[in-house]
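A look at the structure
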Amino acid sequence: MTPTDPKRPTSGSAAEASRRKRIVWVNVALVAAFIAVVALAFALLRPQAAPPETGGPSSADAAAPTVRADSHVLGEPGTSGVTVVEFLDFECEACGAFFPLVEQLREDYAGEVTFVTRYFPLDGHLNSRNAAVAAEAAAQQGAFEPMYAKLFETQAEWGEQRESRAPLFREFAAELGLDLDAYDAAVADPATLERVESDRIDGLSLGVQSTPTFFVDDEMLRLEAYDDLAAGIEAALGAANG
């Protein structure tokens, strides 16, 4: 029998080496495919910031004011000089969760702190702009606050729907005793939506990316707990009182 040359693989060992090589390349391909799928999923599912507005402010120095002359004040202004501004989306569930807290804080700090509401409709909510337009149309008849409360109190009834709930908002206007001809005219007037969008543009300029976003005396609050808003108000009152 002729001995096997140790420097040359037999046909069996060559086949085994080839099979192992194929397995390695298949595993490499599977890992690469997995990484590509994970990267794609991350890109599609991660939270997205609001897109920048072309022609808008280019620096923090050019940021919009937190309150404008036409901003909606809830109730009567306070006397302390402390102002709380909320950028909200009426369809946002988190805004709905904060609504009773804001109402309680308004009661707790009545006559002392000013509470201001501004619109920030999110593109992912089909009826957020319809609701904001309804509130703005009501505001033109001096009924912003009743419509503001109505929209949050009924959010579970109309939120997260895939069809326009503008007819329901018109029913709310009727329940509130508004002049429906004037309401319809305001809803149809492009200037009403422009008023809503002007708040959103200001919010983007101020760095608002989600709702609700609160400012206390022009400082954005980073809310990590439910009580952080009250703590921010107390800190501002302490600073105002020296």
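Residues numbered from 1 in each chain as written. Predicted model: local features only at pLDDT ≥ 70, side-chain atom pairs only at ≥ 80, totals over all residues. Heavy atoms only, no water.

**What to know about the nonpolar core**
In terms of nonpolar packing, the biggest core is built from 46 residues, with Phe-90, Phe-115, Tyr-148, Leu-151 and Ile-233 touching the most fellow members. Top contributing element to this core by residue count: helix H3 (residues 128-139), with 8 residues. With 8 residues, the next largest nonpolar core counts Phe-87, Val-116, Phe-120 and Val-208 among its residues. (Core = buried A, V, L, I, M, F, W, Y, C linked by side-chain atoms within 4.5 Å. Buried < 20%, exposed > 50% of the residue type's maximum accessible area, 1.4 Å probe, protein only. Helix = DSSP H or I, 4+ residues; strand = E, 2+ residues; numbered from the N terminus.)

**With respect to the sheet that holds strand E4 (residues 213-216)**
One open sheet accounts for 5 strands, arranged E1-E3-E2-E4-E5; its pairing is mixed. Only two strands of the sheet have a single partner each, and these edge strands are strand E1 (72-74) and strand E5 (219-220). Summarising the sheet, strand E2 (residues 82-88) and E4 pair through 4 bridges and their orientation is antiparallel. What sits directly across from Val-84, in E4, is Val-216. Running over the sheet, helix H4 (residues 144-153) touches E1, E2 and strand E3 (113-119) and is turned about 75° from E1. Its contacts with the sheet place helix H9 (residues 228-240) against E2, E3 and E4, and it is angled at close to 150° to E2. (Pairing = 2+ DSSP bridges. Contact = heavy atoms within 4.5 Å. Axes fitted to C-alpha atoms, helices over the stretch in contact; angles between N-to-C directions.)

**Section: the pairing of E3**
Consecutive side chains of a regular strand alternate in pointing toward one face of the sheet and then the other. Within E3, 7 of the 7 residues are buried, leaving the element largely enclosed by the surrounding structure. Because side chains alternate across E3, one face comprises the buried residues Val-113, Phe-115, Thr-117 and Tyr-119, and the other comprises Thr-114, Val-116 and Arg-118, equally buried. Pairing of E1 with E3 involves 3 bridges; the strand directions are antiparallel. Bridge assignment links Val-73 to a residue of E3, and that residue is Val-116. With 7 bridges connecting them, E2 and E3 associate as parallel partners. Residue pairing in the sheet places Leu-88 in a bridge with Tyr-119 of E3.

**Here we look at the packing of aromatic side chains**
Inspection of the entire model under this criterion finds 14 aromatic pairs. Ring geometry for Tyr-119 versus Phe-144: centroids 6.3 Å apart, planes at 75°, classification edge-to-face. Taken as a pair, Tyr-119 in strand E3 and Phe-144 in helix H4 lie far apart in primary sequence, 25 residues in all. Phe-144 sits in the buried class, given a relative accessible area of 6%. Just above the ring of Phe-120 sits the side chain of Arg-200; from NZ or CZ to the centre is 6.0 Å. (Phe/Tyr/Trp six-rings, centres within 6.5 Å; stacked < 30°, edge-to-face > 60°. Lys NZ or Arg CZ within 6 Å of the ring centre and 35° of its normal.)

**So, the pairing of E4**
Of the two faces of E4, the one carrying Thr-213 and Phe-215 and the one carrying Phe-214 and Val-216 are both buried. Where E4 hands over to E5, the hairpin turn is made up of 2 residues, of which Asp-217 adopts a positive phi near 50°.

**Thoughts on the pattern of salt bridges**
Throughout the structure, instances matching the rule amount to 13 salt bridges. Arg-106 is the partner of Glu-103 in a salt bridge, and the nearest nitrogen-oxygen pair spans 3.0 Å. Of this pair, Glu-103 and Arg-106 both sit in helix H2 (residues 93-108), 3 residues apart, which is roughly one turn of the helix. Using a relative accessible area of 27% as the deciding quantity, one classes Glu-103 as partly exposed. Residue classification places Arg-106 among the buried residues on the basis of a relative accessible area of 16%. With its nearest N and O atoms 2.7 Å apart, the salt bridge here joins Arg-106 to Glu-145. With Arg-106 in helix H2 and Glu-145 in helix H4, this pair connects stretches of sequence that are 39 residues apart. Glu-145 gets classed as partly exposed once you look at its relative accessible area, which sits at 29%. (Salt bridge = Lys/Arg side-chain N within 4 Å of Asp/Glu carboxyl O.)

**Describing the confidence of the model for the protein chain**
Across the protein chain, the average pLDDT comes to 84, with 74% of residues at or above 70. Taken together, the stretch residues 1-9 has pLDDT below 50 and engages in 2 contacts with residues farther than four places along the chain or on a different chain. (pLDDT = per-residue confidence, 0-100.)

**Concerning the state of the cysteines**
A full pass over the atoms with the stated rule returns 0 disulfides. Note on Cys-95: no disulfide assigned, nearest cysteine sulfur contributed by Cys-92 at a separation of 3.3 Å. A relative accessible area of 0% means that Cys-95 is categorised as buried. (Disulfide = S-S within 2.5 Å.)

**Considerations on the packing of helix H6 (residues 166-175) against helix H7 (residues 180-188)**
Interaxial distance between H6 and H7 falls to 10 Å at its minimum, and their mutual angle equals 145°. Every pair of crossing elements has a handedness; the one defined by H6 and H7 is right-handed. Across the interface between the two elements, Phe-169, Arg-170, Ala-173 and Ala-174 from H6 touch Leu-180, Tyr-183 and Asp-184 from H7. Each residue belonging to the contact of H6 with H7 can be placed in one class, and the counts come to 5 nonpolar, no polar and 2 charged. (Left-handed = near helix turned anticlockwise from the far one by under 90°. Nonpolar A, V, L, I, M, F, W, Y, C, P; charged D, E, K, R; others polar.)

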